[in-house]
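Secondary and tertiary structure notes
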Amino acid sequence: MIEQRLILGNALSEFPKLESETFDLIVADPPYNLGKNYGNNHDIKGFDEYLDFTHSWLREAYRVLKPRGTIYVFMGFRFIAYLYDIMERELGMFFNSWIVWHYTQGIGKKRGFSPRHDDILMFTKSKDFVFNLDDVRVPQKYYRERNNMRGANPGDVWEFSHVHYCNANRRNHPTQKPEGLIERLVLASSNEGALVLDPFLGSGTTLRICQQLNRYGTGIDINPDYIQIAKERLQSDFSGFDSVDPRMKRVPLDLRNDSLRHAYLDNHKRWFLNNHIDTIEEFEESVEKVYPKHKHNHDQLKLL
């Protein structure tokens, strides 16, 4: 298993120590400047101070990113437009996608509409970049011969549940991201053996994903408690990622042809549930409901 690198320090101080054009992928979840408590520091800066901070770390991120590299940045509504402007107009990066992460639970409002999403900007350093669509496809609701049996493009609106406090993988961090969400970013925009950087590591989700997907992860965080949490996650046993896109368990509704159905079901788990062992039983139940007379061989449906 590939060893992951943990760095305790301020990202702005640690970035200059990294060589230029080193990383294939950067996954960044910086503080949103909303006043959250991150243990040994609070996410609260003046408006201009926060923009200066954003300019500084993004310039460094651009420097250490390889020419064919990609960066994903999580950001709240207040500063995302400024973030977009910095990456496109000042750094000359290429916009690819504005991803909306939709979740079902969040802060409740009595005046106005309750927020139920976060935004993720995807930019590349050049027009020639890594993107592995087949690794992140989702099952289709209906299969038609003109479609790809391997699945459909997941689109730019993603549904992943928060890592709830009752989840065994939940850590003491205020903004822990679902593993299934980060898994998609890493699979789409890097290959095995790639170098991945998370400059605001937090609870260590990105490095846990890299560890299981055979990437070399480097994570930076200013809080020693979070570095310790990440270290413990990397040393823990793996039994599947803590979240999954609900569509991954979907069974196409029109696989009436026996040979076609067998061919699809033989591959579904390997394609869509390879790192989500705890969802396999639910998928098999879905198969039985949709195709109750399907005499499948359970050995064929085992995870490959």
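Residues numbered from 1 in each chain as written. Predicted model: local features only at pLDDT ≥ 70, side-chain atom pairs only at ≥ 80, totals over all residues. Heavy atoms only, no water.

**Regarding the pattern of salt bridges**
Stated precisely, the cut-off is as follows: By definition here, a salt bridge exists when the distance from a side-chain nitrogen of Lys or Arg to a carboxyl oxygen of Asp or Glu is within 4 Å. A run of H or I in DSSP becomes a helix once it reaches four residues, and a run of E becomes a strand once it reaches two; helices and strands are each numbered from the N terminus. Note on exposure labels: buried denotes an accessible area under 20% of the residue type's maximum, exposed denotes more than 50%, and partly exposed covers the range between, all computed with a 1.4 Å probe on protein chains only.
A complete count under the given rule lists 13 salt bridges for this structure. Two residues, R68 and D128, come together in a salt bridge whose shortest N-O distance is 3.3 Å. With a gap of 60 residues between them, R68 in strand β3 (residues 65-75) and D128 in the loop between β5 (117-124) and β6 (157-159) connect regions that are remote in the sequence. With a relative accessible area of 42%, R68 lands in the partly exposed category. The class for D128 is partly exposed, based on a relative accessible area of 44%. Three or more residues are tied together by salt bridges with common partners; here these are R184, D245 and R247.

**Details of the packing of helix α2 (residues 47-64) against helix α3 (residues 80-90)**
Stated precisely, the cut-off is as follows: A fitted line through C-alpha atoms represents every axis, and for helices the fit uses only the stretch in contact; the resulting angles, taken between N-to-C directions, go from 0 to 180 degrees. If an angle is under 35 degrees, it is roughly parallel; if it is over 145, roughly antiparallel; if it lies from 65 to 115, roughly perpendicular; otherwise it is oblique. Put simply, a crossing is left-handed when the front helix is turned counterclockwise from the back one by less than a right angle, and right-handed when it is turned clockwise. Here a residue-residue contact requires only that any non-hydrogen atoms of the pair lie within 4.5 Å. Three classes are used: nonpolar for Ala, Val, Leu, Ile, Met, Phe, Trp, Tyr, Cys and Pro, charged for Asp, Glu, Lys and Arg, and polar for all others, with Gly counted as polar.
Across the interface, α2 lies against α3 with an axial gap of 11 Å and an inter-helix angle of 40°. When the axis of α2 is compared with that of α3, the two are oblique. Of the two elements, α2 crosses α3, and the hand of that crossing is right-handed. Residues F47, L51, T54, H55 and L58 of α2 touch α3, and the partners they reach there are Y82, L83, I86, M87 and E90. Broken down by class, the residue content of the contact of α2 with α3 amounts to 7 nonpolar, 2 polar and 1 charged.

**As for the side chain of T124**
What counts, and what does not: Any pair of N or O atoms that falls within 3.5 Å is considered a polar contact. Within protein, one atom must be able to donate a hydrogen and the other to accept it, and sequence-neighbouring residues count only if both atoms are side-chain atoms.
Locating T124 in the fold gives a position in strand β5. Given the relative accessible area of 1%, T124 is considered buried. A polar contact is formed between the side chain of T124 and the backbone oxygen of S126, at a distance of 2.7 Å. If sequence neighbours within four positions are ignored, T124 has contacts with G69, T70, M93, F94 and F129.

**Quick notes on the side chain of R208**
Basically, it comes down to this: For the charge count, each Lys or Arg is scored as positive and each Asp or Glu as negative, with His and the chain ends excluded.
Residue placement: R208 occurs in helix α5 (residues 205-213). Of the side chains bearing the opposite charge, E179 lies closest to the buried R208, which forms no salt bridge; the N-O distance is 4.7 Å. Filtering out sequence-adjacent residues up to four positions away, R208 remains in contact with E179, R233, L234, S236, D237, F238 and F241.

**Concerning the environment of V290**
By the secondary structure assignment, V290 is in helix α8 (residues 280-290). For the pair V290 and V251, spaced 39 residues apart in the sequence, the C-alpha separation amounts to 7.5 Å. Once residues lying within four places of it in the same chain are set aside, the contact partners of V290 are V251, P252, L253 and R256.

**Comments concerning the sheet that holds strand β7 (residues 195-198)**
Here is the rule we go by: At least two bridges found by DSSP between two strands is the condition for calling them paired.
Pairing is mixed across the open sheet formed by 8 strands, whose spatial order is β1-β8-β7-β2-β3-β5-β4-β6. Looking along the sheet, the strands with just one partner apiece sit at the ends: β1 (5-8) and β6. Across this sheet, the average inter-strand angle for adjacent strands is 20°, counted without regard to direction. By the bridge criterion, 2 bridges tie strand β2 (residues 23-28) to β7 in an arrangement that is parallel. In the sheet register, L25 faces β7, and the bridge partner there is V196. On top of the sheet, α2 reaches β2, β3 and β7; it is set at about 150° to β3, its chief contact.

**Focus: the confidence of the model for the protein chain**
In plain terms, the rule: For every residue, the predictor reports its confidence as pLDDT, a number between 0 and 100.
Chain-level pLDDT for the protein chain is 86 on average; 86% of the residues reach the 70-or-more range. In the model, residues 296-304 has pLDDT below 50 throughout and makes 20 contacts with residues more than four positions away in sequence or in other chains.

**Some thoughts on helix α4 (residues 179-189)**
For α4, the buried fraction is high: 11 of the 11 residues fall into the buried class. Every buried residue of α4 is accounted for by E179, G180, L181, I182, E183, R184, L185, V186, L187, A188 and S189.

**Considering unusual backbone geometry**
Positive phi is not limited to glycine here, since E21 has a value of about 50°. Within the secondary structure, E21 is located in the loop between α1 (11-14) and β2. One non-glycine residue, N214, adopts positive backbone phi at about 65°. Here N214 is to be found in the loop between α5 and β8 (216-221). Judged by its relative accessible area of 30%, N214 falls in the partly exposed class.

**Looking at the packing of aromatic side chains**
How we decide: Classification of ring pairs rests on two measures: the distance between centres of Phe, Tyr or Trp rings, Trp counted by its six-membered ring, which must be within 6.5 Å, and the angle between planes, read as stacked under 30 degrees, edge-to-face over 60 and tilted in between. Either the NZ atom of lysine or the CZ atom of arginine qualifies as a charge over a ring when it sits within 6 Å of the ring centre and within 35 degrees of the ring normal.
Counted under the stated rule, the structure contains 15 aromatic pairs. Each ring, one from F47 and one from F79, has its centre 4.9 Å from the other, and the planes form 35°; the classification is tilted. With F47 in helix α2 and F79 in the loop between β3 and α3, this pair connects stretches of sequence that are 32 residues apart. Note on F47: relative accessible area 30%, which makes it partly exposed. Between Y50 and F79, the ring centres sit 4.4 Å apart and the planes meet at 50°, which makes this aromatic pair tilted. Residue Y50 is found in helix α2, and its partner F79 is found in the loop between β3 and α3; the two are separated by 29 residues along the sequence. For Y50, a relative accessible area of 1% translates into the label buried. Positioned over the ring face of Y291 is R261, at 5.3 Å from the centre of the ring.

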